[in-house]
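Fold and geometry: a report
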Amino acid sequence: MKHTLSLSLLAMILAGCASTPSPKMVADLNDEARKTAGGMIQTLGGELKAAMTAGGPAEAIVVCKEKAPKIAAEAAARTGMRIKRVSLKNRNPKGVPDAWETEALAGLEQRLAAGEKPETLDTHSVVNTPDGKVFRYAKALVMQPVCVNCHGAAENLSPEVKAKLATEYPEDKATGYTPGMIRGVLSIKKSL
Ligand code: HEC
């Protein structure tokens, strides 16, 4: 019993002392997260545009549904980071923000309201979790004119888009947005 206790105590002490990452290490992680997010947004935007041109928004839904997670999984495999998209008004039922992401979203909304350019809206921090320190990063995904086809006012969506969304996302909350609004965040995590 004594032995077990001291071991668990030792484990706790070690976990508590898990070295705080240096400012340089955090800055490097932030650079990597930014590059990863930027690359993903570019790839996804390109795929979306191509699919929209080829088949219109109803056909392009599959890009958001299947290509987005695939692009995220590829980037994750390359970088060891965990990547997802979340929103307060999520379309994918799994796209619900956690506490850190909710706070990040609120902060980004405030910066947008204060006049900051949408392109620079991102944030990061190192948080303590029961499993150790985790680097967290969130980048605002801002509504562009093209996004309105699938995230704009529900009454303005094409009948085909409306029908597809109703079948594939019966719990959809992700409509009613106009260009310039924050649609959600690209959220990146890396255990340290
Ligand atoms: C062709 C329709 C379509 C267009 C255009 C589109 N989206 Fe989406 N979007 C979707 C679908 C479908 C999902 C759900 C994908 C899934 O199943 O994960 C989604 C999910 C998202 C999510 C993840 C959170 C959630 O609600 O589940 C974000 C963030 C997002 N879109 C932002 C954008 C932005 C920003 C644009 C414009 C650059 C855009 N979308 C353009 C259809 C679209």
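Scroll up to find the structure.
Here's what I pulled together on the structure shown here. (Residues numbered from 1 in each chain as written. Predicted model: local features only at pLDDT ≥ 70, side-chain atom pairs only at ≥ 80, totals over all residues. Heavy atoms only, no water.)

1. Side note on a nonpolar patch on the surface
On the surface, Met25, Val126 and Leu192 cluster together into a nonpolar patch covering about 220 Å² of accessible area. Locating Met25 in the fold gives a position in helix α2 (residues 23–55). (Patch = residues over 30% accessible without salt bridge, like charges linked within 9 Å, V, L, I, M, F, W, Y side chains within 5 Å. Areas by Shrake-Rupley, 256 points an atom, 1.4 Å probe, with all protein chains shown as cover. Salt bridge = Lys/Arg side-chain N within 4 Å of Asp/Glu carboxyl O. Helix = DSSP H or I, 4+ residues; strand = E, 2+ residues; numbered from the N terminus.)

2. A short note on the packing of α2 against helix α3 (residues 57–79)
It is the contact of α2 with α3, at a shortest axis distance of 9 Å, that shows an interaxial angle of 155°. Between α2 and α3, the interaxial angle falls into the category roughly antiparallel. Of the two elements, α2 crosses α3, and the hand of that crossing is right-handed. Contacts between α2 and α3 involve Glu32, Thr36, Met40, Thr43, Leu44, Glu47, Leu48, Ala51, Met52 and Gly55 from the first element and Pro57, Glu59, Ala60, Val63, Cys64, Lys67, Ala68, Ile71, Ala72, Ala75 and Thr79 from the second. Of the residues in the contact of α2 with α3, the class split is 13 nonpolar, four polar and four charged. (Axes fitted to C-alpha atoms, helices over the stretch in contact; angles between N-to-C directions. Parallel < 35°, antiparallel > 145°, perpendicular 65-115°, else oblique. Left-handed = near helix turned anticlockwise from the far one by under 90°. Contact = heavy atoms within 4.5 Å. Nonpolar A, V, L, I, M, F, W, Y, C, P; charged D, E, K, R; others polar.)

3. Some remarks on the pattern of salt bridges
Applying the stated criterion across every chain, the model contains ten salt bridges. Glu74 is the partner of Lys70 in a salt bridge, and the nearest nitrogen-oxygen pair spans 3.9 Å. One end of the pair, Lys70, and the other, Glu74, are both in helix α3, four residues apart, so they sit about a helical turn from each other. On the basis of relative accessibility, which here comes to 49%, the residue Lys70 falls in the partly exposed class. Take Glu74: its relative accessible area is 45%, and that puts it in the partly exposed class. A salt bridge links Asp172 to Arg91; the nearest nitrogen and oxygen atoms lie 2.9 Å apart. Within this pair, whereas Asp172 is found in the loop between α6 (159–168) and β4 (182–191), its partner Arg91 is found in the loop between β1 (82–86) and α4 (99–113), the two being separated by 81 residues in sequence. (Buried < 20%, exposed > 50% of the residue type's maximum accessible area, 1.4 Å probe, protein only.)

4. A word on the packing of aromatic side chains
Under the counting rule described, the total for this entry stands at zero aromatic pairs. The side chain of Lys89 reaches across the aromatic face of Tyr177, ending 4.7 Å from its centre. (Phe/Tyr/Trp six-rings, centres within 6.5 Å; stacked < 30°, edge-to-face > 60°. Lys NZ or Arg CZ within 6 Å of the ring centre and 35° of its normal.)

5. Quick word on the side chain of Thr79
If you trace the backbone, Thr79 turns up in helix α3. The class for Thr79 is buried, based on a relative accessible area of 12%. Within polar-contact distance, the side chain of Thr79 engages the backbone oxygen of Ala75 at 2.8 Å. A distance of 3.2 Å separates the side chain of Thr79 from the backbone nitrogen of Met81, its partner in a polar contact. Setting aside its immediate chain neighbours within four residues, Thr79 contacts Glu32, Thr36 and Lys190. (Polar contact = N/O pair within 3.5 Å; in protein donor to acceptor, adjacent residues only side chain to side chain.)

These results come straight from atomic positions and should not be treated as a statement about function.
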